[in-house]
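Residues per chain are reported as follows:
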Amino acid sequence: MQHAARRIIAGLIAAGAALAAGQLAAAAIAPDSAPFYAVGNTVVDHTPAAVREWVIGVFGTSDKAVLFTCLSAFIALLAATAGLVEGKRRYGSILIGMLGVFGAFAAASRPTGEFTWIWPSVIAAAAGVLVLRALVNRARDHDAPDRRTFFGAAALFAIGSAGVYWLGSRWSKGDVVAEERREATVPAPVAPAPPLPDGINVKGAVPYITSNADFYRIDTALRVPQVTTAEWQLNIHGMVDRPRTLTWADLNAMAATERAVTLTCVSNEIGGDLIGNAMWTGFPIKPILESVGVHADADMLLSKSADGWTAGTPLEVLTDGRDAILAIAMNGTPLPVEHGYPVRQVVPGLYGYVSATKWVVDWEITRFDKADAYWTVRGWSARGPIKTGCRIDTPQTGRRLDTGTQIVAGTAWAQHRGITKVEVRVDDGPWQPARLAPEYSVDTWRQWWFGWQATPGEHIITARATDGTGSVQTDQIASPVPDGATGYPKRLVTVGA
């Protein structure tokens, strides 16, 4: 039993050494070529839509932490197995070698991958095999001196691996980008956003402006891309007369604008919280497109992020006068790295998967019948207009309330159409109009509240919204796939003792 336990420890430490060596090698080649991230991103890319939506529905913005945990547990299981089966025939070494081959294939197959991306996984496998052999050889003997030799070597390898991993992480530009962002300034907008009117924040609803820290994050990037302003470029090509490449200096020579825009994730469940409203500072997209001479028969902008993720946006919504911008700031500060620093797209009226490309570095002007984006090839709809929806922020399901007047409050959204009415129904009673906070713009959500005369017992509170075109939010329940969830938000509450 003690011999088996030492073999398991040997396998785990060998895996740690492999990951550390791979991380250090990736720092010199490309951070995304690190075996852990290459394999993790491949898992994300090939996860069925139903599984992905279940994970987001259950864990929300913690979905990446769940994936990291599951992937780490799987690696630990394989590492322990490698330690147990390592012997004269070196089955454990073969297992580690196979994992290295898979990691190399996964890295080279990434959208931005190159042949050189195989080397971190190759180096990782070699380091893992060497450490495994060294420790397993010391794990075979049972007398006290050899036990001390084994645990001493194990401790040395573990500490060394931690140090190597730390060096690899430090050399992956994260500190450079973080320091650059701390020192960056936001240009004064030539067209600042109008001031917020009094009464726009409703008691019981979430804040009208979502803080950067509270803004939802749903994307496919396991390792947040690290792009400096010096290396950032936007390559514009395809069905255009005058291809061009924008640099950071080119972008900042333009007139900046500031606008409040509400963004929504297509994975947002009925009444969910994958939605946020922020003040964005950036540069209008329409003049940039005009400068390159878009062909008359083009109808899609295929944007690409620094890590290869793509979104297909209808050109019509980028040129119809709405505040579609290349954003460089969020709520008065440079974009947080996890929200797209240094440059991202913000387009009112469309779900993020077809518009809100973070770390954007490439625009191909094309057609929907010629190109597909990341999520459309996985079964999601191509154009992704945001559906009219609302949410009950208070009271929460399960709350016990007193009798008498109770405030029901929440938010409603129909980006680029606006909200004209919200209604509330208690149990099977009639729909009653809620009071609306002032409308700031049709591109942002609108808060509402309703004074309910609560009576004893259990009650179901339901809400629905009407947008600026007169369309009422549908009661038909649909999951997020393929073009956004629908249905009425509900809350079950108990009134009285």
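None of these values were measured; they are calculated from a predicted model.

**As for the packing of helix α2 (residues 35-45) against helix α5 (residues 91-108)**
Right, on to step 1. At a minimum axis distance of 8 Å, the contact between α2 and α5 shows a crossing angle of 65°. Comparing the axis directions of α2 and α5 gives the class roughly perpendicular. In this structure, the crossing between α2 and α5 has a hand that is left-handed. Where α2 approaches α5, its residues A38, V39 and T42 are matched on the opposing element by F102, G103, A106 and A107.
Right, on to step 2. Each residue belonging to the contact of α2 with α5 can be placed in one class, and the counts come to 5 nonpolar, 2 polar and no charged.

**Side note on helix α3 (residues 49-59)**
Quick reminder: α-helices carry 3.6 residues per turn. Residues three or four places apart thus point the same way.
Right, on to step 1. Restricting attention to buried positions, one finds in α3 the residues A49, R52, E53, V55 and I56. Projection of α3 onto a plane perpendicular to its axis shows the buried side chains occupying an angular sector of 160°, all on one side. Away from its buried face by more than 90 degrees, α3 exposes A50 and W54.
Right, on to step 2. Contact partners of the buried residues in α3: α4 (63-85).
Right, on to step 3. G60, located one to two residues past α3, shows a positive phi value of around 60°.

**Comments concerning the domain arrangement of the protein**
Right, on to step 1. What the domain assignment reports for the protein is domain 1 (1-171), domain 2 (229-378) and domain 3 (389-495).
Right, on to step 2. Placing the centre of domain 2 and that of domain 3 at their C-alpha centroids yields a distance of 31 Å.
Right, on to step 3. Opposite the 24 residues of domain 2 that make contact, domain 3 presents 21 residues.
Right, on to step 4. Approximately 1600 Å² of surface area, both sides summed, lies buried where domain 2 meets domain 3, with 60% of it carried by carbon and sulfur atoms.
Right, on to step 5. In this structure, the connection of domain 2 to domain 3 is made through 0 salt bridges.
Right, on to step 6. Summed over the shared surface of domain 2 and domain 3, the result is 5 residue pairs in polar contact (both at pLDDT 80 or more).
Right, on to step 7. For the side of domain 2 that touches domain 3, the secondary-structure elements that each account for two or more residues are β3 (257-264) and β4 (275-284).
Right, on to step 8. Among the elements that line the side of domain 2 that touches domain 3, the one with the most residues is β3, at 5 residues.
Right, on to step 9. Split by residue class, the side of domain 2 that touches domain 3 holds 10 nonpolar, 9 polar and 5 charged.

**Notes on the UniProt feature "domain: Oxidoreductase molybdopterin-binding" (unreviewed entry) in the protein**
Right, on to step 1. Here, UniProt's "domain: Oxidoreductase molybdopterin-binding" (unreviewed entry) annotation points to residues 222-374.
Right, on to step 2. Here residues 222-374 is 11% helix and 37% strand, with 16 Å between the C-alpha atoms at its ends.

**Topic: the sheet that holds strand β13 (residues 404-413)**
Right, on to step 1. The 4 strands lie next to each other as β11-β13-β17-β16, forming an open sheet whose pairing is antiparallel. What marks the edges here is a single partner per strand, and that holds for β11 (389-394) and β16 (435-436).
Right, on to step 2. Two strands pair when backbone bridges link them, and β11 and β13 are joined in this way by 5 bridges, in the antiparallel orientation. The residue of β13 that forms the bridge with I392 is G410.

**Let's talk about the nonpolar core**
Right, on to step 1. Grouped together as the largest cluster of nonpolar side chains are 57 residues, with contacts concentrated most on L234, L251, L289, L318, L326, W363 and I365.
Right, on to step 2. When residues of this core are traced back to their parent elements, those giving at least two are α2, α4, β1 (233-238), β4, α10 (285-292), α11 (315-318), β7 (325-330) and β10 (360-366).
Right, on to step 3. Within the second largest apolar cluster, 21 residues are counted, among which are I56, I218, M330 and V346.

**What about the pattern of salt bridges?**
Right, on to step 1. All told, the structure shown has 15 salt bridges when counted by the stated rule.
Right, on to step 2. A salt bridge links D32 to R223; the nearest nitrogen and oxygen atoms lie 2.8 Å apart. Separated by 191 residues along the polypeptide, D32 in the loop between α1 (2-29) and α2 and R223 in the loop between α8 (174-183) and β1 bring together distant segments of the chain.
Right, on to step 3. Taking the relative accessible area as the measure of exposure, D32 reaches 12% and is therefore buried.
Right, on to step 4. Residue D483 is joined to K387 by a salt bridge in which the shortest nitrogen-to-oxygen separation is 3.0 Å. Within this pair, whereas D483 is found in the loop between β18 (457-467) and β19 (490-495), its partner K387 is found in the loop between β10 and β11, the two being separated by 96 residues in sequence.
Right, on to step 5. Here the salt bridges share partners, and the residues they tie into one network are D63, K64, R217, D219 and K358.

**Thoughts on the layout of surface pockets**
Right, on to step 1. Roughly 440 Å³ of internal volume is contained in the largest pocket.
Right, on to step 2. Lining the largest pocket are 25 residues, with L19, P35, V39, I75 and L99 positioned closest to its centre.
Right, on to step 3. Among the secondary structure elements, those contributing two or more residues to the lining of the largest pocket are α1, α2, α4, α5 and α6 (119-139).
Right, on to step 4. Here the element with the most residues in the lining of the largest pocket is α4; it accounts for 8 residues.

**Details of empty space enclosed by the protein**
Right, on to step 1. With the rule as written, the count across this model stands at 5 cavities of 30 Å³ or more.
Right, on to step 2. What the largest cavity holds in volume is close to 330 Å³.
Right, on to step 3. Lining the largest cavity we find 24 residues, and of these I218, D219, W309, G352 and K358 sit closest to its centre.
Right, on to step 4. Looking at the second largest cavity, its volume works out to about 160 Å³.
Right, on to step 5. For the lining of the second largest cavity, the per-class residue count stands at 8 nonpolar, 8 polar and 2 charged.
Right, on to step 6. Domain assignment of the residues forming the lining of the second largest cavity places at least three in each of domain 2 (229-378) and domain 3 (389-495).

**Here we look at the environment of K88**
Right, on to step 1. Positionally, K88 belongs in the loop between α4 and α5.
Right, on to step 2. Between the C-alpha atom of K88 and that of S441, which follows or precedes it by 353 residues, the distance is 72 Å.

**Here we look at the packing of aromatic side chains**
Right, on to step 1. This structure, assessed with the given rule, holds 15 aromatic pairs.
Right, on to step 2. Ring centres of F215 and W280 lie 5.8 Å apart, and the angle between their planes is 85°; this geometry places the pair in the edge-to-face category. On the criterion of sequence distance, the pair formed by F215 in the loop between α8 and β1 and W280 in strand β4 is long-range, its members being 65 residues apart. The pair F215 / W280 is uniform in exposure class, with both members buried.

Basis of the calculations
Residues numbered from 1 in each chain as written. Predicted model: local features only at pLDDT ≥ 70, side-chain atom pairs only at ≥ 80, totals over all residues. Heavy atoms only, no water. Axes fitted to C-alpha atoms, helices over the stretch in contact; angles between N-to-C directions. Helix = DSSP H or I, 4+ residues; strand = E, 2+ residues; numbered from the N terminus. Parallel < 35°, antiparallel > 145°, perpendicular 65-115°, else oblique. Left-handed = near helix turned anticlockwise from the far one by under 90°. Contact = heavy atoms within 4.5 Å. Nonpolar A, V, L, I, M, F, W, Y, C, P; charged D, E, K, R; others polar. Buried < 20%, exposed > 50% of the residue type's maximum accessible area, 1.4 Å probe, protein only. Arc of directions from axis to C-beta. Domains from an automatic or database assignment. Buried area = accessible area lost by both parts, 1.4 Å probe. Salt bridge = Lys/Arg side-chain N within 4 Å of Asp/Glu carboxyl O. Polar contact = N/O pair within 3.5 Å; in protein donor to acceptor, adjacent residues only side chain to side chain. UniProt positions renumbered as here; feature names shortened; annotations may be inferred. Pairing = 2+ DSSP bridges. Core = buried A, V, L, I, M, F, W, Y, C linked by side-chain atoms within 4.5 Å. 1 Å grid on protein atoms, 1.4 Å probe; cavity = no way out; pocket = protein on both sides within 12 Å on 5 of 7 lines; lining within 4 Å. Points joined across faces, edges and corners; volume = space filled by probe spheres on them. Phe/Tyr/Trp six-rings, centres within 6.5 Å; stacked < 30°, edge-to-face > 60°.

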